[in-house]
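Tertiary structure, described
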Amino acid sequence: MTDLFDFHKQKRCFAVVGHPVAHSKSPQIHEDFARQCGVSLSYEAIALDPGAFEQGVRNIRAGGIAGANVTVPFKQAAWRLADKLTDRAQLAQAVNTLSFSAGDVIHGDNTDGVGLMRDIQKNLGFSCAGARVLVVGAGGAARGIFQPLLDSSPGELVIANRTLSRARELLAAFASPIGSTVCNLEDLSSTAFDLVINATAASLMGEVPDLPNGIFANGALAYDLAYADQPTPFMRWAMDAGAVRAVDGLGMLVEQAAESFWIWHQHRPQTAPVISALRSGSR
Ligand code: ATR
């Protein structure tokens, strides 16, 4: 019989699934967390066929994977696949953390929103309470961060999207979002914001949303959910357009990973050294 000590030391296997996924930093991040916390694990990046996500998940599970992070383009497919969802995953209609327990039940959670808020409020020291906040974009990424933003008590929360109907749909999905409004990108010209979050897919295509100048208030923070080795096109545009700080989503990536790590291992790793190592390129 395996004694209790050996059981806890057994190496459990995890993965990030996406398409493409080879570039993912999640394996490095989870391995760093594991070293910090004395957890024994393996973590790999697995590309799944976009046409066969469900079968792909069943295959990795049968192969012994205990949990998986889910990235583009599968977060909504993972939400549909999960048997049990946390409230935040249900609201986001997207899952980035799957846990496979004994039996057939697949648990789905979404740690993106909490990851963003920890990066903005804890790491960057920006308080959302009372702030005028603009979310640009109304797709899955915007949906995943909307409730935590509402919970942070902003003075004003505006969703601007190229396609206005999608912004309206997003807002309608949330219960009594007091102080929240929607508009087109071009309607933003008369308002200034303290925090502007780019939740569009534009950076992934090397583009910048067609935003008017003048949307940044004094001291404003520009935050791109995308991350890259170089400043993203949105970050460069934001600095030219008057933002005081422009950051990418690397901190959010590490923070959402820390929350997934907590779900799987019940350890809270320190995120600051991992963010620094990734930023300096030493990992
Ligand atoms: P994701 O899950 O990454 O959010 P998505 O659901 O396809 O992806 O949504 C992409 C978002 O980026 C949408 O808000 C989209 O605007 P539309 O709804 O008008 O299509 C936005 N987007 C993508 N490219 C953009 C661009 N070049 N300029 C402005 N918005 C863009």
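These numbers come from a predicted model, not from an experiment. Within each chain, residue numbers correspond to sequence positions counted from 1 in written order. Reporting in this predicted model follows two pLDDT cut-offs: at least 70 for local features of residues, and 80 or more for side-chain atom pairs to be given and counted; totals over whole chains, interfaces and linings ignore these cut-offs and use all residues. Side-chain numbers come from the whole structure's heavy atoms, not from hydrogens or water.

1. So, the confidence of the model for the protein chain
What pLDDT expresses is the predictor's confidence in each residue, scored from 0 to 100. Of all residues in the protein chain, 95% have pLDDT values of 70 or greater, and the mean over the chain is 94. Counting interchain partners and residues more than four positions distant, the pLDDT-below-50 stretch residues 1-8 has 2 contacts. In this description, contact between two residues means that some pair of their heavy atoms is separated by no more than 4.5 Å.

2. Quick notes on the site of the ligand
Within the structure, the ligand sits among 15 residues, and Ala138, Asn161, Arg162, Thr163 and Glu207 are positioned closest to it. Backbone polar atom of alanine 141 to an oxygen atom of the ligand: 2.9 Å apart, as the coordinates give it. Note that an oxygen atom of the ligand is positioned 3.0 Å from one of the backbone N or O atoms of alanine 201. Contact with the protein chains hides 76% of the accessible area of the ligand, taken as 650 Å² for the molecule alone. Classification convention: Asp, Glu, Lys, Arg as charged; Ala, Val, Leu, Ile, Met, Phe, Trp, Tyr, Cys, Pro as nonpolar; all other residues, Gly among them, as polar. Grouping the amino acids of the shell around the ligand by side-chain chemistry returns 6 nonpolar, 6 polar and 3 charged. Residues are labelled near a given molecule or strand when at least one of their non-hydrogen atoms is within 4 Å of it. Polar contacts, as used here, are pairs of N or O atoms within 3.5 Å; protein pairs need one atom able to donate a hydrogen and one able to accept it. Residues neighboring in sequence count only if both atoms are side-chain atoms. Note that accessible areas follow from Shrake-Rupley with a 1.4 Å probe, and for residues the cover is restricted to the protein chains shown.

3. Description of helix 11 (residues 272-280)
Considered for burial, the residues of helix 11 that qualify are Val274, Ile275, Ala277 and Leu278. Buried residues of helix 11, viewed axially, fall in a sector of 165°; they line one side. The elements touched by buried residues of helix 11 are helix 2 (26-37), helix 6 (112-123) and helix 10 (250-265). Secondary structure elements follow DSSP: runs of H or I no shorter than four residues count as helices, runs of E no shorter than two count as strands, and numbering proceeds from the N terminus. Two residues or fewer after helix 11 comes glycine 281, characterised by a positive phi angle close to 80°. Remark: exposure states derive from per-residue accessible area (1.4 Å probe, protein chains only) relative to the maximum for the residue type, with buried under 20%, exposed over 50%, and partly exposed in between. For this quantity, the arc is that covered by the directions from the helix axis to the C-beta atoms.

4. A few points about the side chain of lysine 25
Along the chain, the position of lysine 25 falls in the loop between strand 1 (12-18) and helix 2. Take lysine 25: its relative accessible area is 16%, and that puts it in the buried class.

5. A few points about unusual backbone geometry
In the segment running from histidine 19 into proline 20, the intervening peptide bond is cis, with an omega of 0°. Structurally, the position occupied by proline 20 is in the loop between strand 1 and helix 2. Looking along the chain, the bond that leaves valine 72 and enters proline 73 is cis, with omega of 5°. Within the secondary structure, proline 73 is located in the loop between strand 3 (65-70) and helix 4 (75-81). Residues other than glycine seldom take positive phi values, yet glutamine 93 does so here, at roughly 50°. Within the secondary structure, glutamine 93 is located in the loop between helix 5 (87-92) and strand 5 (97-100). You can call glutamine 93 partly exposed: its relative accessible area is 27%. In this structure, glutamine 266 is a non-glycine residue whose phi angle is positive, near 55°. Relative to the assigned elements, glutamine 266 resides in the loop between helix 10 and helix 11.

6. With respect to the domain arrangement of the protein chain
For the domain bounds, the source is a domain assignment made automatically or taken from a database. Partitioning the protein chain into structural domains gives domain 1 (2-110 + 253-280) and domain 2 (113-248). If you average the C-alpha positions of domain 1 and of domain 2, the two centres end up 26 Å apart. Buried area is understood as the total, over both parts, of accessible area removed when two parts are fitted together, assessed with a 1.4 Å probe. Where domain 1 abuts domain 2, roughly 1,200 Å² becomes buried across the two surfaces, and 50% of that area is made up of carbon and sulfur atoms. Just to be clear on terms, a salt bridge is a Lys or Arg side-chain nitrogen sitting within 4 Å of an Asp or Glu carboxyl oxygen. For the interface between domain 1 and domain 2, the tally reads 4 salt bridges. Along the contact surface separating domain 1 from domain 2 lie 5 residue pairs in polar contact (both at pLDDT 80 or more). If you list the elements that add at least two residues to the side of domain 1 that touches domain 2, you get helix 5, helix 10 and helix 11. It is helix 10 that provides the largest number of residues to the side of domain 1 that touches domain 2, a total of 4 residues.

7. Focus: the environment of leucine 221
Within the secondary structure layout, leucine 221 lies in strand 11 (residues 216-224). In this structure leucine 221 comes out as buried when scored by relative accessible area, which is 0%. The contact partners of leucine 221, leaving out residues within four places of it in the chain, are Leu124, Phe126, Asp194, Leu195, Val196, Arg245 and Val247.

8. Remarks on the sheet that holds strand 8 (residues 156-160)
Strands belonging to one sheet form pairs held by backbone hydrogen bonds; the direction of such a pair is parallel or antiparallel. Each pair of strands is called paired provided DSSP finds at least two bridges between the two strands. Read across the open sheet, the 6 strands follow the order 9-8-7-10-11-12; overall the sheet is parallel. Every interior strand has two partners, whereas the edge strands, strand 9 (180-183) and strand 12 (245-247), have only one. Here the strands of the sheet are splayed against their neighbours by 15° on average, with no regard to which way each runs. By the bridge criterion, 3 bridges tie strand 11 to strand 12 in an arrangement that is parallel. Bridging across to strand 12, alanine 222 finds its partner in alanine 246. Convention adopted: a line fitted to C-alpha atoms gives each axis, helices being fitted over their contacting stretch, and angles between N-to-C directions are expressed from 0 to 180 degrees. Of the strands in this sheet, strand 8 and strand 9 touch helix 8 (residues 164-172), which is tilted by about 165° from strand 9.

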